[in-house]
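# Residue-level structure breakdown
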Amino acid sequence: FRSFAAMDNEIVIEPISEDEIRMNEDSKLGEILVKEGYLEESEINETLDKHQKIGEELVKDGKVTKKIVDSIAQKQQEIRKIQRASTLRIETDKLDRILESIGEVVVVKSRIRQIMERKGWMDLEEEAALTELDRYINHLQKDVMDTRMVAIKDTLLPFRRLVRDLAKKQGKLIEFEIKGESTELDKTITEKVKDPLKHMLRNSVDHGIESPEERERAGKSKTGSILLEASHQNGEVIILIQDDGNGIDPLAVTRKAVEKGLIEPDKVLTQEEANKIIFSPGFSTAKVVTDISGRGVGMDVVKDNINVIHGDIEVHSEPGKGSEFLIHIPLTLAIIDGILITAGCNKLIVPIQSVVKFLPLNKKDLHNVNNRSTLEFQNAFIPVIDLADFLSFEPGKKEMLIIVQSGNTNIALIIDEVIGKYQIVIKSLEENFKKVDHCSG
């Protein structure tokens, strides 16, 4: 089965059979160019009024390059080999209810296991039955989740038009590339990343890429480049926005931060500090207020929107060379496999895709670097955090280290013990209670 978003509240499930593959004559070149964000329908119609061979004429009119037309023409041939598949429209609310019910089954199953273990009823036969139940629940959960997964293509491709129009409006030359559009993500999440991505691309065009004259003076090509790429890594989706523009200038950010009262007047921000402070509410380095930027609605809103879907954003930048924004997004928000650990008197879950390694705690292996506890791991010194102390729990046995990965960074957490692997139903604390620091649910 292949699934894709049809409308705001629908997912189309499309069965594909090789025996039924036939020519699909409905896929016109112009329709594909519009769908993939290269042109608007009015531009296609304008050319059609004058000419018949639309591909050649669009190239002549300078509206699209020959490389793009050839690429789309090839794609058109591939589409014509695919069947007119029968489809079934399913409201995402129905899938949400099924997934929630599966989550409740997982909770009840865990309670049954705990009761049987507590009462001493857990023999080999009972263990085998529960293991079999686990397997069927896992299959059912995966099947339902797969139907919710849609290619991020429909979210990314319309940005071609956005970047092209903004570049034209500002007199900038920009080569915009999209990669990984077939990467799949939960449909509810794709809808929530659209606005943050739009805002960041507008920033890349407005703040990042310089004018052709400025780029030429800096010894760069007159044409700037922006890359938007999606990929799967370590059980999550990574969305990269990269440009070869101005980069984030710590001095310019320092001046604006002092002006906003965010830092002391004699403070000079490092590159890392500047990268972080751009997420402060209302922060903007735009000198002129336009319809693109400088209106005080900035990266803080982007970060808030990413946090809502339990995502994270990191920034790498070098003045004069460009910036790189990495958005980390969970594949789905409903059920995860996790490792149950204890820290002090509390039990906590660490998502299994974040776990790198378990180690016994040997204080001789810990080093003090710049007044911080570190551990040498994979030829690098990584920070060590006492989890119970960090979360203000009563101290425990402190017998183990768990190495976890956050983005491209490894961190060692001091814990008491590892209880085992569990399947976890995530419930949002913010929706049901309030925001709790360091806990996703």
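Structure first, text after, so check above.
Residues numbered from 1 in each chain as written. Predicted model: local features only at pLDDT ≥ 70, side-chain atom pairs only at ≥ 80, totals over all residues. Heavy atoms only, no water.

A tally of helices and strands in the protein chain yields 15 helices and 19 strands. Buried positions account for 41% of the 441 residues belonging to the protein chain. A separation of at least 24 residues holds for 67% of the contacts in the protein chain among residues at least 6 apart in sequence. Accessible area of the protein chain: about 25,700 Å², with a carbon and sulfur share of 50%. (Helix = DSSP H or I, 4+ residues; strand = E, 2+ residues; numbered from the N terminus. Buried < 20%, exposed > 50% of the residue type's maximum accessible area, 1.4 Å probe, protein only. Contact = heavy atoms within 4.5 Å. Areas by Shrake-Rupley, 256 points an atom, 1.4 Å probe, with all protein chains shown as cover.)

Our next topic: the nonpolar core. Generally speaking, soluble globular proteins have nonpolar side chains that are buried together. Counting 44 residues, the largest nonpolar core has Leu197, Leu201, Leu228 and Ile239 as its most contacted members. The element that contributes the greatest number of residues to this core is helix α9 (residues 187-208), accounting for six residues. If we ignore the near neighbours within four places in the chain, the residues touching Ile239 are Ile152, Leu197, Leu228, Glu229, Ala230, Phe325, Leu326, Ile327 and Ile329. Counting 13 residues, the second largest nonpolar core, distinct from the first, contains Ala343, Val355, Ile402 and Ile415. (Core = buried A, V, L, I, M, F, W, Y, C linked by side-chain atoms within 4.5 Å.)

Turning our eyes to something else, we now look at the environment of Lys187. Position of Lys187 among the secondary structure elements: in helix α9. Placed 38 residues apart in sequence, Lys187 and Met149 show a C-alpha to C-alpha distance of 5.9 Å.

Moving on, we get to unusual backbone geometry. With phi around 60 degrees, Asn371 is a residue other than glycine that occupies positive phi space. Relative to the helices and strands, Asn371 resides in the loop between β14 (366-369) and β15 (372-377). A positive phi angle, near 75 degrees, is found at His438, a position not held by glycine. Relative to the elements of secondary structure, His438 occurs in the segment after α15 (429-432). On the basis of relative accessibility, which here comes to 60%, the residue His438 falls in the exposed class.

The contact between helix α8 (residues 159-170) and α9 brings their axes to 10 Å, and the two run at 30 degrees. Taken together, the axes of α8 and α9 are roughly parallel relative to one another. In this structure, α8 crosses over α9, and the sense of that crossing is right-handed. Taken together, the residues of α9 that come into contact with α8 (itself represented by Phe159, Leu162, Val163, Leu166, Ala167 and Gln170) are Lys194, Leu197, Lys198, Leu201, Arg202, Val205 and Asp206. Its residues placed into classes, the contact of α8 with α9 shows eight nonpolar, one polar and four charged. (Axes fitted to C-alpha atoms, helices over the stretch in contact; angles between N-to-C directions. Parallel < 35°, antiparallel > 145°, perpendicular 65-115°, else oblique. Left-handed = near helix turned anticlockwise from the far one by under 90°. Nonpolar A, V, L, I, M, F, W, Y, C, P; charged D, E, K, R; others polar.)

This paragraph deals with the packing of aromatic side chains. Tallied over the full model, the rule gives zero aromatic pairs. A cation over a ring is seen here: Lys303 above Phe279, with NZ or CZ 5.2 Å from the ring centre. (Phe/Tyr/Trp six-rings, centres within 6.5 Å; stacked < 30°, edge-to-face > 60°. Lys NZ or Arg CZ within 6 Å of the ring centre and 35° of its normal.)

Right, let's get into the sheet that holds strand β16 (residues 380-386). Strand order in the open sheet made by the six strands is β13-β17-β18-β16-β15-β14, with mixed pairing throughout. The outermost strands of the open sheet, each flanked by one partner alone, are β13 (355-360) and β14. The mean angle between the axes of side-by-side strands here comes to 35 degrees, regardless of whether they run parallel or antiparallel. (Pairing = 2+ DSSP bridges.)

For the rest of this paragraph, the subject is the packing of α9 against helix α13 (residues 299-308). The contact between α9 and α13 brings their axes to 9 Å, and the two run at 150 degrees. Taken together, α9 and α13 sit at an angle that is classed as roughly antiparallel. Considering how the two elements wind past one another, α9 and α13 form a crossing that is left-handed. Across from Pro196, His199, Met200 and Asn203 in α9, the residues of α13 making contact are Met299, Val302, Asn305 and Ile306.

Now for the sheet that holds strand β9 (residues 312-318). Strand pairing in a sheet is mediated by backbone hydrogen bonds. Such pairs are either parallel or antiparallel. Overall, mixed pairing links the five strands, which are arranged β5-β7-β8-β10-β9 in an open sheet. Bordering the open sheet on either side are β5 (173-179) and β9, each of which pairs with just one other strand. Averaged over all adjacent pairs, the angle separating strand axes in this sheet is 10 degrees, with direction ignored. Of the pairings in the sheet, the one linking strand β7 (residues 223-233) to strand β8 (residues 236-243) comprises eight bridges and is antiparallel in character. Across the sheet, the residue bridging to Glu229 is Leu240, located in β8. Most of the contacts of α9 go to β8, to which it runs at about 15 degrees, and overall it touches β5, β7, β8, β9 and β10 (322-330). Sitting on the sheet, α13 is in contact with β9 and β10, with an inclination near 140 degrees to β9.

Worth remembering: the numbers are spatial, not functional.
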